[in-house]
Amino acid sequence: MDQNRSKVQSENQKQVSQILPTPNYGSNEEMNSNNDWSETRKEQDKEFEDSLSEDKIREEAKLAKERKKLEATSKLESEPSSNEKSCITIAFKLPRRCKTSRLSRRFSTSAKADQLFNFLLASDELNKIKNWHLQLGFMGSANSIYRKDGDKFLSDYGLSPRGLIIVVDDQV
């Protein structure tokens, strides 16, 4: 009986092995290709994370520009009407990298120089230029206007009733 039992067990094992083959854990080549795939995946994940962080930095910079523009717009005084006697019309000559070559706007004679900067920051014309200052454009004048000079009145610069101000790109 023991022989019959052994014979039956042996046949059962054959049948089971035909139905459920023994697992193949792969050759060394297959294992190396799996490691290569894993390394490739890690590299792709890292590149994706880097791309996401770059996008986040760009988005934050864009939002900072928008906040700066909104702040400048909110600080900008309303433009006086053309028939008002106490106003100064200023033409701004823009750097070559700008979309347009000139901008023009009326300001009150009692306005401060800071209004010039607010007007230019509120426009989209100087987006490509990071560092700039203003220079009075009439003959014999080498006066520059910087952001720190924002408390001076426009009438102090002799721009009345019309004036030309050159926007100087400090990066050139």
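These numbers were taken from a predicted model, which means no experiment stands behind them.

Quick notes on helix α3 (residues 114-122)
Burial within α3 is extensive, with seven of its nine residues counted as buried. Looking only at α3, the buried set comprises Gln115, Leu116, Phe117, Asn118, Phe119, Leu120 and Ala122.

Considerations on the pairing of strand β1 (residues 87-93)
Inspection of the sheet shows β1 paired to strand β2 (residues 102-108) by seven bridges, in the antiparallel sense. The partner of Cys87 across the bridge, within β2, is Ser108.

Some remarks on the pairing of strand β5 (residues 162-169)
Taking every second residue as pointing to the same face, the buried face of β5 carries Gly163, Ile165, Val167 and Asp169, while none of Arg162, Leu164, Ile166 and Val168 on the other face is buried. Pairing between strand β3 (residues 132-136) and β5: five bridges, direction antiparallel. Note on β5: the bridge partner recorded for Leu134 is Val167.

Regarding the confidence of the model for the chain
Looking at the chain, pLDDT values average 81 and 78% of them are 70 or higher. When pLDDT is averaged over each element of the chain, β2 comes out on top at 93 and helix α1 (residues 2-19) at the bottom at 65.

A word on the pattern of salt bridges
One pass over the full model with this rule turns up eight salt bridges. In this structure, Glu79 and Arg106 form a salt bridge, with 3.7 Å as the shortest nitrogen-oxygen distance. In this pair, Glu79 is assigned in the loop between α2 (28-75) and β1 and Arg106 in strand β2, connecting sequence segments 27 residues apart. On the basis of relative accessibility, which here comes to 39%, the residue Glu79 falls in the partly exposed class. Among the ionic pairs, Asp114 bridges to Arg147, the shortest N-O distance being 3.1 Å.

Conventions adopted
- Residues numbered from 1 in each chain as written.
- Predicted model: local features only at pLDDT ≥ 70, side-chain atom pairs only at ≥ 80, totals over all residues.
- Heavy atoms only, no water.
- Buried < 20%, exposed > 50% of the residue type's maximum accessible area, 1.4 Å probe, protein only.
- Helix = DSSP H or I, 4+ residues; strand = E, 2+ residues; numbered from the N terminus.
- Pairing = 2+ DSSP bridges.
- pLDDT = per-residue confidence, 0-100.
- Salt bridge = Lys/Arg side-chain N within 4 Å of Asp/Glu carboxyl O.

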